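Chains, contacts and geometry: an overview
Chain by chain, the residues run as shown.
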Amino acid sequence: MLRILFTALLLLHGIIHLMGFLKAVGAANLPQLGMVSRRAGLFWLLAAVLFVAATVLYLMKHSSWIYLALAAVIVSQTLILFSWKEAKWGTIANMIVLPVVLLSFTSHQFEKKYRSDVREQFRIRAASSVPLITEADLQHVPPPVQLYLRYCEVFGKPRITNMRVVFEGQMRGKDQDWFPFTAEQYSFFDGPVRLFFMKGRMKGVVVPGYHRYVGADASMNIRLFGLKDVVNLSGPELSKGETVTLFNDWCLMAPGTLIDPRIRWEQLDQNRAKATFTNDSITVSAALYFNQKGQLLDFISEDRYEVDRKQWFTFSTPVSEYRTFDGRKAANYGEAVWHYPEGAFTYGRFCIKSIEYNVKK
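Every value quoted in this text rests on a predicted model; they were computed, and no experiment measured them.

A few words on the packing of helix 3 (residues 65-82) against helix 5 (residues 90-123). Orientation of helix 3 relative to helix 5, taken along the N-to-C sense of each, is 155°, at an axis distance of 9 Å. Looking at the two axes, helix 3 sits roughly antiparallel to helix 5. Both helix 3 and helix 5 take part in a crossing whose hand is left-handed. The residues of helix 5 that touch helix 3, namely those facing Trp65, Ile66, Tyr67, Ala69, Leu70, Val73, Ser76, Gln77 and Ile80, are Gly90, Thr91, Asn94, Val97, Leu98, Val100, Val101, Ser104, Phe105, His108 and Gln109. For the contact of helix 3 with helix 5, a count of residues per class yields 12 nonpolar, 8 polar and no charged.

Below, the structure is given as structure tokens:
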């Protein structure tokens, strides 16, 4: 609702400025406006164009709307000052638009750090040929994992070097309401690297968050409007817990990576396997549960740290709704669940909008 109201305000403000131009060229009789010269009329037109263009880009969720809206407010308020008696009420609209623009700018600046990290990861990796996944690559993985890889149609496809994932979903804290979010993630599998940027919306307020995992060091930074820290964490517990998250991504969204030699496998029974993943000095493990079709149904680990309670709890991610992404099958829907002593608590619901493998940038 707030987004709709703000869009309407931008567009209406632009139309009002267009009236100043029409008055200047004699195309409209607007007695409520004073005398407007043709030269001034061009500036009224400029403000109108800037507001309308900012509206369009805002609806498209393109960050450049911020700069056009800021320019529009500056031109608009300057014109208002020169026509204060007739146009002073336009200041109210500008004073509504300006804080939204400035807060959106701080969020955009926060996101630029994520974008810069993504570009840097592409920059340090030279392009090279990627071998195909063959039957020989499966010899060291247990039968249920082999069935999963066949179901996901990874054979004959290039090994995965990186991926880009776009999500939408909901999250919540204990005893809190769900809030919607959108997210984008880049993963690089040779590092490994996981760069996850989320935009949550809580009671109409944008709260962006950046999870960064490079090498074996993780950090989590969540900021109100990208300006004030709500969460700013790092350290060994977080790094180990985020290693579980990283490996969970491999299992759920990039199953072709499960032939990686950093993973040790143990078959538990016909439909279960235990995976132990080591990255640098960090080792984590998880039990993977499959059905008879070869679909992965759940991932359960004891090695993830719950930052709110500052304790280790069982963590699971039941998944479903498999579909094809970029030529490979993966689960489309998943949940993130903490298993507290008092019972299971689902704190995240994730729906994958797209996955791109071996992105070139």
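Right, let's talk about unusual backbone geometry for a bit. Cis peptide bonds are those with omega within 30 degrees of zero, and the linkage from Gly191 to Pro192 qualifies with -5°. Mapping Pro192 onto the fold places it in the loop between strand 2 (179-188) and strand 3 (193-202). A positive phi is found at Asp175, a non-glycine position, where the angle reads about 65°. Along the chain, the position of Asp175 falls in the loop between strand 1 (162-171) and strand 2.

Here we take up the environment of Arg39. Structurally, the position occupied by Arg39 is in helix 2 (residues 38-59). With 205 residues separating them along the chain, Arg39 and Val244 place their C-alpha atoms 63 Å apart.

For the rest of this paragraph, the subject is the pattern of salt bridges. Evaluation of the coordinates by the stated rule reveals 19 salt bridges. We note a salt bridge from Arg125 to Asp190, for which the minimum N-O separation is 2.8 Å. Taken together, the residues Arg125 in the loop between helix 5 and helix 6 (143-151) and Asp190 in the loop between strand 2 and strand 3 connect sequence positions 65 residues apart. Overall, Arg125 belongs to the partly exposed group, its relative accessible area being 22%. Residues participating in the shared-partner salt-bridge network are Glu111, Arg115, Arg164, Glu184, Lys199 and Glu356.

On to the pairing of strand 4 (residues 205-214). A regular strand carries its side chains on alternate faces of the sheet. Here strand 3 runs beside strand 4; their pairing, made up of 10 bridges, is antiparallel. When the sheet's bridge partners are listed, Phe197 is paired in strand 4 with Tyr210. Adjacent in sequence and paired antiparallel, strand 3 and strand 4 are bridged by 2 residues, among which Lys203 carries a positive phi angle near 55°. When strand 4 meets strand 5 (residues 217-224), the two strands line up antiparallel, connected through 6 bridges.

With that out of the way, let us pick up a nonpolar patch on the surface. Together, Leu11, Leu12, Ile15, Ile16, Met19, Val52, Val56 and Met60 line one region of the surface with nonpolar side chains, adding up to about 660 Å² of accessible area. Every element with two or more residues in the nonpolar patch is listed here: helix 1 (2-24) and helix 2. Per element, the largest residue contribution to the nonpolar patch is 5 residues, and it comes from helix 1. Tracing the chain through its elements places Ile15 in helix 1. Assessed through its relative accessible area of 39%, Ile15 is described here as partly exposed.

For the structure on display, the rule yields 0 disulfides. Considering cysteine sulfurs only, Cys152 is the nearest to Cys351, which forms no disulfide, with 17 Å between them. Given the relative accessible area of 24%, Cys351 is considered partly exposed.

With that settled, consider the pairing of strand 1. Bridge count for strand 1 against strand 2 is 10 bridges, and the pairing is antiparallel. For Glu168, the partnering residue across the bridge sits in strand 2 and is Thr182. Where strand 1 meets strand 14 (residues 343-357), 9 bridges bridge the pair, whose relative direction is antiparallel. Following the sheet pairing, Gln170 is matched in strand 14 by Arg349.

A ring pair, where both rings are aromatic, is described by two values, the distance of the centres and the angle of the planes. Under the criterion given, the structure shown has 25 aromatic pairs. Pairing Phe189 with Trp250 gives two aromatic rings, centres 5.4 Å apart and planes at 80°, and the pair type is edge-to-face. Here Phe189, found in the loop between strand 2 and strand 3, pairs with Trp250, found in helix 7 (residues 236-253); they are 61 residues apart in sequence, far enough to count as distant. For the pair shown, Phe189 and Trp250 are each scored as buried. Here the aromatic residues Phe189, Phe247, Trp250, Phe277 and Phe299 are joined through ring pairs into a cluster of three or more. The side chain of Arg328 reaches across the aromatic face of Tyr357, ending 4.9 Å from its centre.

Cut-offs applied
Residues numbered from 1 in each chain as written. Predicted model: local features only at pLDDT ≥ 70, side-chain atom pairs only at ≥ 80, totals over all residues. Heavy atoms only, no water. Axes fitted to C-alpha atoms, helices over the stretch in contact; angles between N-to-C directions. Helix = DSSP H or I, 4+ residues; strand = E, 2+ residues; numbered from the N terminus. Parallel < 35°, antiparallel > 145°, perpendicular 65-115°, else oblique. Left-handed = near helix turned anticlockwise from the far one by under 90°. Contact = heavy atoms within 4.5 Å. Nonpolar A, V, L, I, M, F, W, Y, C, P; charged D, E, K, R; others polar. Salt bridge = Lys/Arg side-chain N within 4 Å of Asp/Glu carboxyl O. Buried < 20%, exposed > 50% of the residue type's maximum accessible area, 1.4 Å probe, protein only. Pairing = 2+ DSSP bridges. Patch = residues over 30% accessible without salt bridge, like charges linked within 9 Å, V, L, I, M, F, W, Y side chains within 5 Å. Areas by Shrake-Rupley, 256 points an atom, 1.4 Å probe, with all protein chains shown as cover. Disulfide = S-S within 2.5 Å. Phe/Tyr/Trp six-rings, centres within 6.5 Å; stacked < 30°, edge-to-face > 60°. Lys NZ or Arg CZ within 6 Å of the ring centre and 35° of its normal.

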